[in-house]
Every structure is written in C-alpha cells, then in structure tokens.
Amino acid sequence: LVQSDNEKAINIAIELLDKNSKPFITNIDFIKTAILSKQESIHLWLRKKIVEKQLEDKGIGEVVDYCLNDFQVSELENKNIHPTETLVTIFPIHLKKLAPEKILELINHPKLEVQLFGAKLLNLNERKPEEWPDEVLLKLLTSEHVAIREEGAKLLARLSDEQLLE
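Small disclaimer: the values here were computed from a predicted structure and weren't measured. (Residues numbered from 1 in each chain as written. Predicted model: local features only at pLDDT ≥ 70, side-chain atom pairs only at ≥ 80, totals over all residues. Heavy atoms only, no water.)

**What about the overall build of the protein?**
Piece 1. What the protein contains, in helices and strands, is eleven helices and zero strands.
Piece 2. Ordered by position in the sequence, the α and β elements of the protein form the string α-α-α-α-α-α-α-α-α-α-α.
Piece 3. Each of the three principal axes of the protein carries a C-alpha extent, and together these read 60 × 30 × 20 Å.
Piece 4. The burial tally for the protein puts 43% of its 166 residues in the buried class.
Piece 5. Of the roughly 9500 Å² of accessible surface on the protein, 51% is carried by carbon and sulfur atoms.
Piece 6. Charge centroids of the protein, computed over 22 positive and 29 negative side chains, lie 6 Å from each other. (Helix = DSSP H or I, 4+ residues; strand = E, 2+ residues; numbered from the N terminus. Buried < 20%, exposed > 50% of the residue type's maximum accessible area, 1.4 Å probe, protein only. Areas by Shrake-Rupley, 256 points an atom, 1.4 Å probe, with all protein chains shown as cover. Lys, Arg positive; Asp, Glu negative; His and termini not counted. Charge placed at Lys NZ, Arg CZ, Asp CG, Glu CD.)

Listed below in structure tokens is the structure:
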C-alpha cells in the first residue's frame, strides 16, 4: 500500500500503520520501500515514527545505501516530497559519518538533484572542511547552480580566517 499513488490506499496504509506500527518501525525492508514513496503522508509518518536509535547500524547502512543507489537512478525532482529529506531526518547520526567516497560520488553525479544532496551531506558530515580535497570546494563554489554554490559557501564559512588565508 505504501507504494500506491492512490490517496485512499495511502490513507488506509497510514491508518493500519498507526494501529500496529511496532513491526514496521524496525523492519528494514519496509523502511527502504517507504522512504522511496511518492506520498507526503508516508514521509510524514516515517519522520514521526522511525527513530535511528531503534535500528542496528547494519540495518541503517543497508537502508542508506539502498536509498543512495535509488536516488542516483531515479527522478528525484518528480516526487511530491523529497525522500532525501526523510533520509536526513531519520538517520542524521549515520549520515554525519557517511564515507567521503559516497559523498564525492553524489557530488560528481550528472544529475543536479543528486549533486545537491551530495553537497548537503558534505555539510552535514562530521569531517572538518579542511579535510575535504580543495577540488571539492572549488567544484561547489563554481557550480552553475545557485543551490550548490550556496552549499559550497556554507562549507567555506566553516573555515577559520587562518585557513582561508592559506
């Protein structure tokens, strides 16, 4: 039901989930499917009910990898609500520690929406700005897209005056 485009089906799904959420809030396969839903009400339910600390790291990694792979091949901009926002809301701790290679892969992706998500993850990441290659900051700051330049400016703002002078 959570994959449906039918509003009645989604309403029924939400009602059923609310009545018996316990088996779903820790079910990795359900979470993977639901995060990729095009329905805002599903995303709102996920953001309210799924708590990162309820899941094992392995399961979180599986969900994140699955979603990142899907984001790279699907049309994110055609969805009513951005699944990347749900991913960040549910798994902020895991995403702060996401491997730099995965973030760089997103930033270097040909699709703007994927690049932007990569840039946002770069700013969310616990690594210090100076630990990222200079080319990454340059790529963000010189992008033709305003939103990506803004993310580059956020990263630049985290550098100290001394680091900026170097």
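After that view of the structure, there is still more to cover.
**Some points on the packing of aromatic side chains**
Piece 1. The full count for this structure, using the stated rule, is three aromatic pairs.
Piece 2. Where Phe71 meets Phe117, the ring centres are 5.6 Å apart and the plane angle is 85°; that geometry is what we call edge-to-face. One end of the pair, Phe71, is in helix α4 (residues 57-73); the other, Phe117, is in helix α8 (residues 112-124), and 46 residues separate them in sequence.
Piece 3. Given the relative accessible area of 1%, Phe71 is considered buried.
Piece 4. Overall, Phe117 belongs to the buried group, its relative accessible area being 5%.
Piece 5. Through successive ring pairs, a cluster of aromatic residues spans Phe24, Phe30 and Trp45.
Piece 6. One Lys or Arg, Lys32, reaches over the ring of Tyr66 and ends 4.8 Å from the middle of that ring. (Phe/Tyr/Trp six-rings, centres within 6.5 Å; stacked < 30°, edge-to-face > 60°. Lys NZ or Arg CZ within 6 Å of the ring centre and 35° of its normal.)

**Side note on the pattern of salt bridges**
Piece 1. If you walk through the whole model with that rule in mind, you get seven salt bridges.
Piece 2. Of the charged contacts, one joins Arg127 and Glu131 as a salt bridge, the two residues approaching to 3.5 Å between their closest N and O atoms.
Piece 3. Overall, Arg127 belongs to the partly exposed group, its relative accessible area being 23%.
Piece 4. Under the relative-accessibility criterion, Glu131 is labelled partly exposed at 39%.
Piece 5. Here Lys154 and Glu151 are joined by a salt bridge, their closest N and O atoms 3.2 Å apart. (Salt bridge = Lys/Arg side-chain N within 4 Å of Asp/Glu carboxyl O.)

**A look at the side chain of Glu151**
Piece 1. By the element assignment, Glu151 lies in helix α10 (residues 146-157).
Piece 2. With relative accessibility at 6%, the residue Glu151 sits in the buried group.
Piece 3. Apart from the residues lying within four places of it in its own chain, the contact partners of Glu151 are Leu116, Ala119, Lys120 and Asn123. (Contact = heavy atoms within 4.5 Å.)

**A closer look at the side chain of Gln115**
Piece 1. Its location among the elements puts Gln115 in helix α8.
Piece 2. Polar contacts involving the side chain of Gln115 include one to the main-chain carbonyl oxygen of His109, which spans 2.6 Å.
Piece 3. Beyond its immediate sequence surroundings of up to four residues, Gln115 is in contact with Leu106, Ile107, His109, Pro110 and Ile148. (Polar contact = N/O pair within 3.5 Å; in protein donor to acceptor, adjacent residues only side chain to side chain.)

**Quick notes on α10**
At 3.6 residues per turn, the α-helix brings residues three or four places apart onto the same side.
Piece 1. The end-to-end C-alpha distance of α10 is 16 Å, a good match for the 16 Å that twelve residues give at a rise of 1.5 Å each.
Piece 2. Burial in α10 covers these residues: Ile148, Glu151, Gly152 and Leu155. Across the axial projection of α10, the buried residues extend over an arc of 100°, all falling on one side. (Expected span 1.5 Å × (residues − 1). Arc of directions from axis to C-beta.)

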